[in-house]
Amino acid sequence: MITIRDLVVSFGQGRDAVHAVRGISFAVAEGESFGLVGESGSGKSTVLRALAGLNRNWTGGASINGLDVAQRDARLPRLVQMVFQDPYASLHPRHTVDRTLSEPLEIHGIGDVAARVEKALAGVGLGANFRFRYPNQLSGGQRQRVAIARALMLEPKVLLLDEPTSALDVSVQAEILNLLRGLRAAQRLTMILVSHNLAVVAHMCDRLAVMNRGLIVEEMDIATLRREDPKQAYTRQLLLASKGYDREAAARLVTYD
Amino acid sequence: MSEHAAQGWRARLLSETPCSRREAKLGQAYRGWLQFRQNRLALLGLAIVVALIVIAVLAPWIAPHHPHEQNLAQRLLPPGTGAHLLGTDEFGRDILSRIIYGARVTLYIVVLVALIAAPIGLIVGTAAGYLGGWLDAALMRITDVFLSFPSLILALAFVAALGPGIENAVIAIALTSWPPYARIARAETMTIRNSDFIAVARIQGAGTGRILFRHVMPLCVSSLTVRVTLDMAGIILTAAGLGFLGLGAQPPMAEWGAMVSSGRRYILDQWWVATIPGLAIFIVSLAFNLLGDGLRDVLDPRQKK
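Residues numbered from 1 in each chain as written. Chains lettered and ligands numbered in written order. Predicted model: local features only at pLDDT ≥ 70, side-chain atom pairs only at ≥ 80, totals over all residues.

## Thoughts on the overall build of chain A
Here is step 1: Scanning chain A from N- to C-terminus turns up nine helices and ten strands.
Here is step 2: Whereas a compact globule of 257 residues would reach a radius of gyration of roughly 18 Å, chain A reaches 19 Å, a difference of no more than 12%.
Here is step 3: Dimensions along the principal axes, computed over C-alpha positions, put chain A at roughly 55 × 40 × 35 Å.
Here is step 4: Here chain A, with 257 residues, has 42% of them falling under the buried criterion.
Here is step 5: Taking as baseline every contact in chain A between residues at least 6 positions apart, the subset at least 24 positions apart corresponds to 65%. (Helix = DSSP H or I, 4+ residues; strand = E, 2+ residues; numbered from the N terminus. Rg over C-alpha atoms; globule rule 2.2 N^0.38 Å. Buried ≥ 20, exposed ≤ 12 C-beta atoms within 10 Å, placed from the backbone. Contact = placed C-beta atoms within 7 Å.)

Laid out in structure tokens, this is it:
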């Protein structure tokens, strides 16, 4: 479904260029949920933004369902959508929920707007009375539900999730993750989930890749993660770090390059 | 309307669950109004501006005399003489009537300048800020050129080239007043263009025009509204200045700046001829400033306490 070959993403030009992603390849099968894990600055979100077409400064190959992402195919919006990390920044502050959800339908000339909007709201567990609220009348979790509903308005096959719960309260995180799991099963979505939280990835994904400094360190399935049996030293360190702060462990941290 | 019905209205406007987009919008507006109402001075400004509009619209019915009607037997009468509440000028024209008709000219200038300058500034600024690159550089250098002229002098040059008259004064003022709006709109756009909700619109397949008009511009409009309202005073003063120099409204049109100018010759003996239109300019300018300050408290979230 998704193939990435030798993807290199750089910011800036010439000698000041920063290579955020330095040549990675992976493939995600249809219906699969794939996790991208790494520390801040490892380039995991950059991969996602390149796939979504937000960043065009990259080389290599990326295709989704046979469509080349570099070609800006007009069919891509109806195939791939994205949910962002911060629900406070991803909703237009002057648009009601109704307007936010109708916008993709209007862009693509899809009719039956009112019914689709109400159905989408129900699909993410929000009642019809949320339809004409502004984002400032919603909580963080409700906003993220609206953002998920918006991503699904065009009935995409692929959903890109950029840390979809890390800006939310712990109690709300589980709700959103369960909602995403349910939606994935109901709509047979292919997902790429970017997260620094191994527990979230273990809960959501079938397979994952660990990134460090713009490279994929290791790919493994969830069973390996649950057994805590990775091959690479970096991944072992990441696992250790994810268990919480430990003075001795912190003292032994090594920078892998 | 009964007390009960009024309460129902208010509850519906302040409801957290509006039933349509229009109701949601009205609710937002009503909340803004409730906040605006706290500011007494801004309310005073609004009242004066509304009064100006009412006076301008109803001028033919409320003015006691025709503004151009001369009566040389009754020239330079002091205020309160006979039928002339604010006295008469050097041609025996009723000053009150001329002030009332002058409100039309002032409003005409202010509204036209705002309608021309604000959209130009908005479009130039958002396009430059959103598209960036060479277009940004080109548009902003043009803006800089216009910004570096003192506005009254540039207006003078335009009027000198196009000929005196109220329409040319409006064009001249509009041409000199859009650059600050372009600057504001560009600065706002730069902070908006990298936000996630714009990224979402792009992923959804929205074109550049759609993003500019439907996503970026609505967020620039409020700070621009505040700025335009605050600038109204400056526009009125520039128009009056042009009128005073004889390059704006032409006689016998009743324009406040021109009235001050013609009253200047009698300022020592017949003070009211120049003072009364001067007071009118002062009051209306002050009202627009107060209104703009109040609007800023409501519309500009960064200024909120």
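## Here's the deal with the sheet that holds strand β10 (residues 215–221) of chain A
All names here are of chain A.
Here is step 1: Read from one edge of the open sheet, six strands run β6-β7-β8-β3-β9-β10, paired in mixed fashion. Where the open sheet ends on each side, the last strands, each with one partner, are β6 (80–83) and β10. Mean inter-strand twist for the sheet, computed between neighbouring axes without regard to direction, equals 20°.
Here is step 2: Examined bridge by bridge, β6 and strand β7 (residues 158–162) share four bridges and lie parallel to one another. Bridging across to β7, Q81 finds its partner in L159. (Pairing = 2+ DSSP bridges. Axes fitted to C-alpha atoms, helices over the stretch in contact; angles between N-to-C directions.)

## Considering the packing of helix α5 (residues 95–131) of chain B against helix α8 (residues 166–192) of chain B
Residues and elements named next belong to chain B.
Here is step 1: At a closest axis distance of 6 Å, the pairing of α5 and α8 adopts a crossing angle of 35°. In this structure, the crossing between α5 and α8 has a hand that is right-handed.
Here is step 2: Grouping the amino acids of the contact of α5 with α8 by side-chain chemistry returns 23 nonpolar, six polar and two charged. (Left-handed = near helix turned anticlockwise from the far one by under 90°. Nonpolar A, V, L, I, M, F, W, Y, C, P; charged D, E, K, R; others polar.)

## Concerning the nonpolar core
Here is step 1: The biggest cluster of nonpolar side chains holds 147 residues, and the ones touching the most others in it are A:L7, A:A149, A:L160, A:I192, B:A169, B:I173 and B:I236.
Here is step 2: The leading source of residues in this core is α5(B), at 17 residues.
Here is step 3: Those residues in contact with B:I173, other than ones at most four positions away along the chain, are B:V113, B:A155, B:I235, B:T238 and B:A239. (Core = buried A, V, L, I, M, F, W, Y, C linked by C-beta atoms within 7 Å.)

## Here's the deal with the environment of B:A138
All names here are of chain B.
Here is step 1: With respect to the helices, strands and loops of the structure, A138 is situated in helix α6 (residues 133–147).
Here is step 2: For A138, a count of 11 C-beta atoms within 10 Å gives the class exposed.
Here is step 3: Considering only alpha carbons, one finds A138 and A128, ten residues apart in sequence, at a separation of 8.5 Å.

## Considerations on the sheet that holds strand β4 (residues 58–64) of chain A
Residues and elements named next belong to chain A.
Here is step 1: One open sheet accounts for four strands, arranged β2-β1-β4-β5; its pairing is antiparallel. In the strand order of this sheet, the two ends are held by β2 (18–28) and β5 (67–68), each with one partner.
Here is step 2: For strand β1 (residues 2–11) and β2, the ladder comprises eight bridges, and the chain directions are antiparallel. Note that in β2 the partner of V9 across the bridge is V21.

## Re the interface of chain A and chain B
Here is step 1: Facing the 26 residues of chain A at the interface are 23 residues of chain B.
Here is step 2: Among the secondary structure elements, those contributing two or more residues to the side of chain A that touches chain B are β6 and α2 (97–107) of chain A.
Here is step 3: The dominant element in the side of chain A that touches chain B, judged by the number of residues it contributes, is α2(A), at five residues.
Here is step 4: A class-by-class count of the residues in the side of chain A that touches chain B yields twelve nonpolar, eight polar and six charged.

## Quick word on unusual backbone geometry
Residues and elements named next belong to chain A.
Here is step 1: Positive phi is not limited to glycine here, since R72 has a value of about 50°.
Here is step 2: Along the chain, the position of R72 falls in the loop between β5 and β6.
Here is step 3: In this structure, E228 takes a positive phi of about 55° despite not being glycine.
Here is step 4: Here E228 lies in the loop between α7 (222–227) and α8 (233–242).

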